[in-house]
Amino acid sequence: MSIFTKIINREIPSDIIYEQENIIVIKDINPQAKTHLLIIPKKKIETINDLDNNDKELIADMFFVAKKVTKMLWISEWYKLWFNVWKKWWQEVMHIHMHLLSNL
Ligand code: 5GP
């Protein structure tokens, strides 16, 4: 079970910013910017390379959640989104997630 699955299941605490049926948004525990959020699908998919056609809507939803959350937090004028994909190197948590960063 990934650490993010435990967060989704409320087995470990986190700062939850937003939640909907298929996605949760939390504050990163080790922020790299004033605002550093993680947009996490509730379905566990290890890396971008493990996506299949059934995941298209979920991935689109992640971007729409980014749009919604940045508007909610008044940071929609300046933010960046990134995905890390490199097993056992860049990607620390094997459960896909989109980083959302802003200095606003
Ligand atoms: P990755 O390198 O996998 O793209 O990034 C994983 C991110 O998850 C890192 O920025 C790290 O700080 C964050 N992270 C790891 N464990 C936890 C945790 O238990 N809680 C929260 N909120 N963030 C975590």
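Here the structure is shown first, and the text comes after it.
The sections below set out a description of the structure shown in this document.

The rules we used
- Residues numbered from 1 in each chain as written.
- Predicted model: local features only at pLDDT ≥ 70, side-chain atom pairs only at ≥ 80, totals over all residues.
- Heavy atoms only, no water.
- Pairing = 2+ DSSP bridges.
- Helix = DSSP H or I, 4+ residues; strand = E, 2+ residues; numbered from the N terminus.
- Axes fitted to C-alpha atoms, helices over the stretch in contact; angles between N-to-C directions.
- Salt bridge = Lys/Arg side-chain N within 4 Å of Asp/Glu carboxyl O.
- Buried < 20%, exposed > 50% of the residue type's maximum accessible area, 1.4 Å probe, protein only.

Here we take up the sheet that holds strand β4 (residues 80–82). Spatially, five strands are ordered β1-β2-β3-β5-β4 in an open sheet, and the strand pairing comes out antiparallel. Both edges of this open sheet fall to β1 (16–20) and β4, since each of them pairs with a single strand only. On average, each strand axis in the sheet is tilted by 20° relative to the strand beside it, whichever way the strands run. Examined bridge by bridge, β4 and strand β5 (residues 98–102) share three bridges and lie antiparallel to one another. Residue pairing in the sheet places Trp82 in a bridge with His99 of β5.

Relative to strand β2 (residues 23–27), β1 is paired through four bridges, and the arrangement is antiparallel. In the sheet register, Glu19 faces β2, and the bridge partner there is Ile24. Counting the residues in the hairpin turn of β1 and β2 gives two residues.

A complete count under the given rule lists four salt bridges for this structure. The partner of Arg10 in a salt bridge is Glu19, and the shortest N-O contact between them spans 2.7 Å. For Glu19, a relative accessible area of 32% corresponds to the partly exposed category. With its nearest N and O atoms 2.8 Å apart, the salt bridge here joins Lys42 to Glu19. Linking Lys42 in the loop between β3 (35–41) and α2 (56–72) with Glu19 in strand β1, this pair joins segments that are 23 residues apart in sequence.

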